[in-house]
Amino acid sequence: MELFENKRKKQQFILSYITFMMNGMLALSIGSLLPFIRDARGLEYTFCGMLVSLHSVGNLLSSFFAGALAVKIGRKKSILLFNASYALAYLMILIGGNPVCLALAFILTGMARGATSNFSNMTINNLAPGQAWILNGLHAMFSVGAFLFPIFLTVLTAGAVGRWRIACVFMLAMGILSWLLYRAMPVDEMPQLMEKVHRDGEREGAESGNRENTDRIDGGRENADRVNCGRENADRIDGGRENADRINCGRENADRIDGGRENADRINCSRENVNRIDGHRESEEGKASGRKTEDSTGVGKDGKRSGSFFGEPMFILCTATLFFYLCVEQGVIGWLVTYFKDTGLLNPSLSQIMASVQWIMILAGRLTTAYLSTRLEKTKLLRVMGIGLIVFFLVLITGRTTPQIVIGIMGFGYSMAGIYPTTVSFAGKLIQKYPLSWSFMLTIASLGSILMPSVIGRIAESAGIFYGMSSLVVVIVIDMALIIGLTAYRKRKEAMDKCM
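Basis of the calculations
Residues numbered from 1 in each chain as written. Predicted model: local features only at pLDDT ≥ 70, side-chain atom pairs only at ≥ 80, totals over all residues. Heavy atoms only, no water. Helix = DSSP H or I, 4+ residues; strand = E, 2+ residues; numbered from the N terminus. Buried < 20%, exposed > 50% of the residue type's maximum accessible area, 1.4 Å probe, protein only. Contact = heavy atoms within 4.5 Å. Areas by Shrake-Rupley, 256 points an atom, 1.4 Å probe, with all protein chains shown as cover. Phe/Tyr/Trp six-rings, centres within 6.5 Å; stacked < 30°, edge-to-face > 60°. 1 Å grid on protein atoms, 1.4 Å probe; cavity = no way out; pocket = protein on both sides within 12 Å on 5 of 7 lines; lining within 4 Å. Points joined across faces, edges and corners; volume = space filled by probe spheres on them. Nonpolar A, V, L, I, M, F, W, Y, C, P; charged D, E, K, R; others polar. Salt bridge = Lys/Arg side-chain N within 4 Å of Asp/Glu carboxyl O. Axes fitted to C-alpha atoms, helices over the stretch in contact; angles between N-to-C directions. Left-handed = near helix turned anticlockwise from the far one by under 90°. pLDDT = per-residue confidence, 0-100. Parallel < 35°, antiparallel > 145°, perpendicular 65-115°, else oblique.

## Looking at the overall build of the protein
Consideration 1: On a plain count of helices and strands, the protein comes out with 18 helices and zero strands.
Consideration 2: Looking at the protein residue by residue over its 500 residues, the buried ones come to 44%.
Consideration 3: At a minimum sequence separation of 6, the contacts of the protein that also span at least 24 residues come to 79%.
Consideration 4: Carbon and sulfur atoms make up 61% of the accessible area of the protein, which amounts to about 25,400 Å² in all.

## What about the packing of aromatic side chains?
Consideration 1: This structure, assessed with the given rule, holds 18 aromatic pairs.
Consideration 2: Between Phe 119 and Tyr 182, the ring centres sit 5.5 Å apart and the planes meet at 85 degrees, which makes this aromatic pair edge-to-face. Remark: Tyr 182 occurs in helix H7 (residues 164–184) and Phe 119 occurs in helix H5 (residues 99–127); sequence separation between them is 63 residues. The same class applies to Phe 119 as to Tyr 182, namely buried.

## Focus: the layout of surface pockets
Consideration 1: What the largest pocket holds in volume is close to 1,900 Å³.
Consideration 2: Looking at the largest pocket, it is lined by 50 residues, and the ones nearest its centre are Ser 117, Asn 121, His 139, Arg 366 and Tyr 420.
Consideration 3: Among the residues forming the lining of the largest pocket, the class breakdown is 24 nonpolar, 22 polar and four charged.

## Digging into the pattern of salt bridges
Consideration 1: One pass over the structure, following the stated rule, counts five salt bridges.
Consideration 2: A salt bridge links Asp 342 to Arg 38; the shortest N-O distance between them is 3.2 Å. One end of the pair, Asp 342, is in helix H10 (residues 313–343); the other, Arg 38, is in helix H2 (residues 7–41), with 304 residues separating them in the sequence.
Consideration 3: When its relative accessible area of 28% is taken as the criterion, Asp 342 is described as partly exposed.
Consideration 4: Of the residues examined, Arg 38 reaches a relative accessible area of 16% and is grouped as buried.
Consideration 5: Across the salt bridge formed by Glu 494 and Arg 490, the nearest N and O atoms sit 2.7 Å from each other. Taken together, the residues Glu 494 and Arg 490, both in helix H18 (residues 472–499) and four residues apart, mark about one turn of the helix.
Consideration 6: Look at the salt bridges and you will find they share partners, linking Arg 38, Asp 39, Lys 341 and Asp 342 into a network.

## Topic: empty space enclosed by the protein
Consideration 1: All chains considered together, the criterion is met by three cavities of 30 Å³ or more.
Consideration 2: Estimated volume of the largest cavity: approximately 80 Å³.
Consideration 3: Leu 28, Gly 31, Ser 32, Ala 146, Pro 150, Ile 333, Leu 336, Val 337, Ala 355, Gln 358 and Trp 359 together form the lining of the largest cavity.
Consideration 4: Of the residues contributing to the lining of the largest cavity, the split by class is eight nonpolar, three polar and no charged.

## Brief notes about the packing of H10 against helix H16 (residues 436–463)
Consideration 1: H16 packs onto H10 with a crossing angle of 35 degrees between their chain directions and a minimal axis gap of 7 Å. At the point where H10 passes H16, the crossing takes the right-handed sense.
Consideration 2: Taken together, the residues of the contact of H10 with H16 break down into 16 nonpolar, eight polar and no charged.

## Points about the confidence of the model for the protein
Consideration 1: Mean pLDDT over the protein: 80, with 74% of residues reaching 70 or higher.
Consideration 2: Helix H17 (residues 465–470) holds the highest mean pLDDT among the elements of the protein, 96, whereas helix H9 (residues 251–297) holds the lowest, 43.
Consideration 3: Predicted confidence for residues 226–304 stays below pLDDT 50, and this span has 29 contacts to residues more than four positions away or in other chains.

## Here's the deal with the packing of H2 against helix H3 (residues 45–73)
Consideration 1: Interhelical geometry of H2 versus H3 gives an angle of 165 degrees and a closest axis separation of 11 Å. It follows from the interaxial angle that H2 and H3 lie roughly antiparallel. Crossing hand, H2 versus H3: right-handed. On the side of H2, the interface is formed by Ala 27, Ile 30, Leu 34 and Arg 38, while H3 contributes Tyr 45, Cys 48, Leu 51, Val 52 and His 55.
Consideration 2: Classifying every residue of the contact of H2 with H3 by side-chain character gives seven nonpolar, one polar and one charged.

## Some thoughts on the environment of Phe 47
Consideration 1: Structurally, the position occupied by Phe 47 is in helix H3.
Consideration 2: By relative accessible area, which is 18% here, Phe 47 ends up buried.
Consideration 3: When the C-alpha atoms of Phe 47 and Gly 457 are compared, they prove to be 7.2 Å apart, with 410 residues separating the residues in sequence.
Consideration 4: With residues near it in sequence (within four places) discarded, Phe 47 still touches Pro 99 and Leu 102.

## Description of the environment of Gly 24
Consideration 1: When you line up the elements, Gly 24 lands in helix H2.
Consideration 2: Between the C-alpha atoms of Gly 24 and Met 141, which are 117 residues apart in sequence, the distance is 7.6 Å.
Consideration 3: With near-sequence residues (within four places) excluded, Gly 24 lies in contact with Phe 142, Gly 145 and Ala 146.

## Some words on the environment of Leu 447
Consideration 1: Looking at where Leu 447 falls in the secondary structure, it is placed in helix H16.
Consideration 2: Residue Leu 447 is classed as partly exposed on the basis of its relative accessible area, which comes to 38%.
Consideration 3: As a C-alpha pair, Leu 447 and Leu 60 span 387 residues in sequence and 8.8 Å in three-dimensional space.

Take a look at the structure:
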């Protein structure tokens, strides 16, 4: 494969995978470190919830600014600037006891996470456009990093809880190493990427043109054969008529005449079919012209402007489903270790191990979903995952023994893994019709990951961490109701499309 034969591409591939695994460790470590930071700084649940929310705020902000900054100053300078936020953030957590300093540190981890994710996805996609395996591998590396850090923290803090600071020093070193790897990575800047896209487009256009010309030549030969056949038949017709004039009531010649007429009918039928084909081509050209006009004027197929996607049921259902899903995801990831530790259900070391188990199951769930999505109906698959989410979270939250908690966390992580990508796939045609809808869908849904950690923290402060986590039951039930609505609408829409 060209990817592994080209030295520059090979470096980009290897370094992207390594740095993205480190991104998983650096970004997801905040959930594991939060209970230690809370005890050391004497923080309230409300403030801890705000810290987790601020991480999501930073992640969302980088989505807006990272791309624009890359265009302005270059992709390499942009990623070096954002990625430096990791080292700076862990330095601030180590030496800054002040709440403002901690809040800024969590924003910086979110910004570094978002910018690194965008950069790595773009780099890998440009290395092998359209090849899903290379992107799936990249996201698998993130999961590997996410489950490695809790294990490392468990080993480090087994003797003394106060050693969490050493873990922060380690993460500071990892942040610096990540920055150095990006510094060493060969990066294609925007002009180079555009030139590559242009070359690929020209190559595809040339191949398409060659195929089209070949089809035309074959079509011309076929038409020539038909013309020759038609002439031969016409000659036979003339011969039939001539014989009919010469021989009265000759059965043999009469049969020839009938055969000639039959051939003449075939010729007329062929001409009629040719006319129909020409008419069909004109119709298709008209439709294509209409589509080009739609695209150039920004008007959708229904005659409405691009902003009309806000009223599309598919947009509303997908966005709402993703919003409540991200509420659950960030609520659990941010608060899980704190919940186990503060309720005393698990000891601190086992609490960290549960975070690793969750990420192992998320990785397994993503791989399973990718496999099953090509073999099962996505509507059924999404409903099964939604049911699993409810069942296993109830097992988790009501669990009072270690085996019950382990079963709950494994099933929950496995069930949640495929909900996000499957839901997004339902909106594929909508996003294709209204490209701007994806930006709004992503932004609105991301608000869930910002709001829910703070809501859990506020409830935990007034009623206890158990009730804070239990509030997610309501959110999961709402999300399940939306999943049912989304899948029912999808099936109804598919049935209507078949009837049209």
